[in-house]
Amino acid sequence: MKKILVIGSNGQLGNCIRKIAPDFETHYEFIFTDSQSLDITDEDQINDFFYDQKPDFCINASAYTAVDLAEKEEEKAFAVNAEGVGNLAKACADYKTVFIHVSTDYVFDGETNLDYSEDDFTNPIGIYGASKLKGEELALENNPKTIILRTSWLYSEFNKNFVKTMLNLFSQKDELGIVGDQFGQPTNANDLAEAIMSIIENPNKTFGVFHFSNYPETTWFEFAKKIAEFSKSSIKLNALTTEEYPTPAKRPKRSTMCLDKIENIYKIESKHWENSLEDCVNILSN
């Protein structure tokens, strides 16, 4: 039976993988770790763990994701999102483990009207994006058998995310301002978990960078409007400009990604973000 190591199992994606793991347990043994049981910034600890477990697949669902805080905590962001990823990639190469690493649309600057392909020029505009890009580089440098999945605007019924924050605010406020001039693709982490398992189950692995998200693009404002609609909230929402809602870290204005490559190579078709959002709101409302 093949072993799948899931790093960061207490995060959104880790929890979503944990949720579907029973569907795959006839063929795979899952090993779930968190930062307490396996510190990816400690190379010796990783080497000892891989020596003991010898996983066939390693999914890195861990990350430093505090986009604004990263501007102050650059060292911490790079330790987890870059050096830690490099450590994992190296161990995977040593033990012939397929490495699946999750990255972000924030590796792009968002200054384009075209959808980003996997080969487009990266130019992060914040520390978080820069640390994630460095992680991608170290992963591919240390292990050619790496699959990088860039995703965007991740949410789920687990942990802290935009959907849960909105639902919480809707219950407290009558009116809310949401940024309406930043474009991206909200992605249900459950869909990403399923995509990762599809890749693992595919006997013909193609390595490199892939984009995966729900589609099509939308704004944070339109995203919030749909959350309100699906949760039957009567809140009044107002669209704000980026200038009206300044944040410590700059966000890409339009980081929409082209999804053709993963569909053509792995036959993974993405879902419409509204359908996936409705599923999530229904879970959270029950």
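Residues numbered from 1 in each chain as written. Predicted model: local features only at pLDDT ≥ 70, side-chain atom pairs only at ≥ 80, totals over all residues. Heavy atoms only, no water.

(A) Examining the overall build of the protein chain more closely. Within the protein chain, the regular secondary structure consists of 9 helices and 12 strands. Long-range contacts, defined as pairs at least 24 residues apart, comprise 84% of the intrachain contacts of the protein chain with a sequence gap of at least 6. Just so you have it, the protein chain exposes about 13300 Å², and 47% of that area is on carbon and sulfur atoms. If the 28 positive side-chain charges of the protein chain are averaged to one point and the 46 negative ones to another, these points end up 2 Å apart. (Helix = DSSP H or I, 4+ residues; strand = E, 2+ residues; numbered from the N terminus. Contact = heavy atoms within 4.5 Å. Areas by Shrake-Rupley, 256 points an atom, 1.4 Å probe, with all protein chains shown as cover. Lys, Arg positive; Asp, Glu negative; His and termini not counted. Charge placed at Lys NZ, Arg CZ, Asp CG, Glu CD.)

(B) Here's a closer look at the side chain of N60. Its place among the elements puts N60 in strand β3 (residues 57-60). Looking at N60, the relative accessible area reads 0%, which means it is buried. Engagement of the side chain of N60 in a polar contact is seen with the side chain of S62, the distance being 2.7 Å. (Buried < 20%, exposed > 50% of the residue type's maximum accessible area, 1.4 Å probe, protein only. Polar contact = N/O pair within 3.5 Å; in protein donor to acceptor, adjacent residues only side chain to side chain.)

(C) Examining the packing of helix α3 (residues 74-94) against helix α4 (residues 127-142) more closely. Between α3 and α4, the least distance of the axes is 8 Å, while the angle of their chain directions is 15°. As the angle between them shows, α3 and α4 are arranged roughly parallel. The two elements α3 and α4 cross, and the hand of that crossing is right-handed. Two secondary-structure elements touch here, α3 through E74, A77, F78, N81, A82, E83, V85, G86, A89, K90 and A93 and α4 through I127, Y128, A130, S131, K132, K134, G135, L138, A139 and N142. (Axes fitted to C-alpha atoms, helices over the stretch in contact; angles between N-to-C directions. Parallel < 35°, antiparallel > 145°, perpendicular 65-115°, else oblique. Left-handed = near helix turned anticlockwise from the far one by under 90°.)

(D) Local environment of the pattern of salt bridges. Following the criterion strictly, the structure yields 13 salt bridges and no others. For K19, the salt bridge goes to E157, with nearest N and O atoms at 2.6 Å. With K19 in helix α1 (residues 12-20) and E157 in the loop between β6 (154-155) and α5 (162-170), the pair connects residues that are 138 residues apart, well separated along the chain. By relative accessible area, which is 39% here, K19 ends up partly exposed. Residues joined by salt bridges that share partners form a network here, namely D115, E217 and R254. (Salt bridge = Lys/Arg side-chain N within 4 Å of Asp/Glu carboxyl O.)

(E) Representation of the layout of surface pockets. Estimated volume of the second largest pocket: approximately 160 Å³. If you trace the second largest pocket, you find it lined by D109, E111, I125, Q182, T242, E243, P246, T247, A249, K250, R251 and K253. Grouping the constituent residues of the lining of the second largest pocket by class yields 3 nonpolar, 3 polar and 6 charged. (1 Å grid on protein atoms, 1.4 Å probe; cavity = no way out; pocket = protein on both sides within 12 Å on 5 of 7 lines; lining within 4 Å. Points joined across faces, edges and corners; volume = space filled by probe spheres on them. Nonpolar A, V, L, I, M, F, W, Y, C, P; charged D, E, K, R; others polar.)

(F) Region of interest: unusual backbone geometry. That bond from Y215 to P216 is cis: its omega, -15°, falls within 30 degrees of zero. Tracing the chain through its elements places P216 in the loop between β10 (208-211) and β11 (218-219). In the Ramachandran plot, W153 falls in the positive-phi region, its phi being about 45° despite a non-glycine side chain. Position of W153 relative to the elements: it lies in the loop between β5 (146-151) and β6. Relative accessible area serves as the criterion here: at 9%, W153 is assigned to the buried category. Of note, the phi angle at K232 is positive, near 55°, even though the residue is not glycine. You can see K232 is positioned in the loop between α7 (220-230) and β12 (236-240).

(G) Quick look at empty space enclosed by the protein. Here the structure, examined in full by the defined rule, presents 2 cavities of 30 Å³ or more. Considering only enclosed or pocket space, the largest cavity measures out at about 50 Å³ in volume. For the largest cavity, the full set of lining residues is V67, E71, Y106, I125, G126, I127, Y128, G129, A249, K250 and P252. By volume, the second largest cavity is sized at about 30 Å³. Surrounding the second largest cavity, D105, Y106, W153, Q182, F183, W220, R251, P252 and S255 form its lining. Of the residues assigned to the lining of the second largest cavity, the class counts are 5 nonpolar, 2 polar and 2 charged.

(H) Broad picture of the packing of aromatic side chains. As enumerated under the stated definition, the model contains 13 aromatic pairs in all. Here F162 and F223 contribute two aromatic rings whose centre-to-centre distance is 5.0 Å and whose plane-to-plane angle is 25°, an arrangement assigned as stacked. Of the two residues, F162 is situated in helix α5 and F223 in helix α7; the sequence distance between them amounts to 61 residues. There is no split in this pair, since F162 and F223 are both buried. Both rings, one in F210 and one in Y266, keep their centres 5.3 Å apart while their planes meet at 65°; by these two values the pair is edge-to-face. (Phe/Tyr/Trp six-rings, centres within 6.5 Å; stacked < 30°, edge-to-face > 60°.)

(I) Here's a closer look at the environment of D94. By the secondary structure assignment, D94 is in helix α3. Judged by relative accessible area, which is 55%, D94 ranks as exposed.

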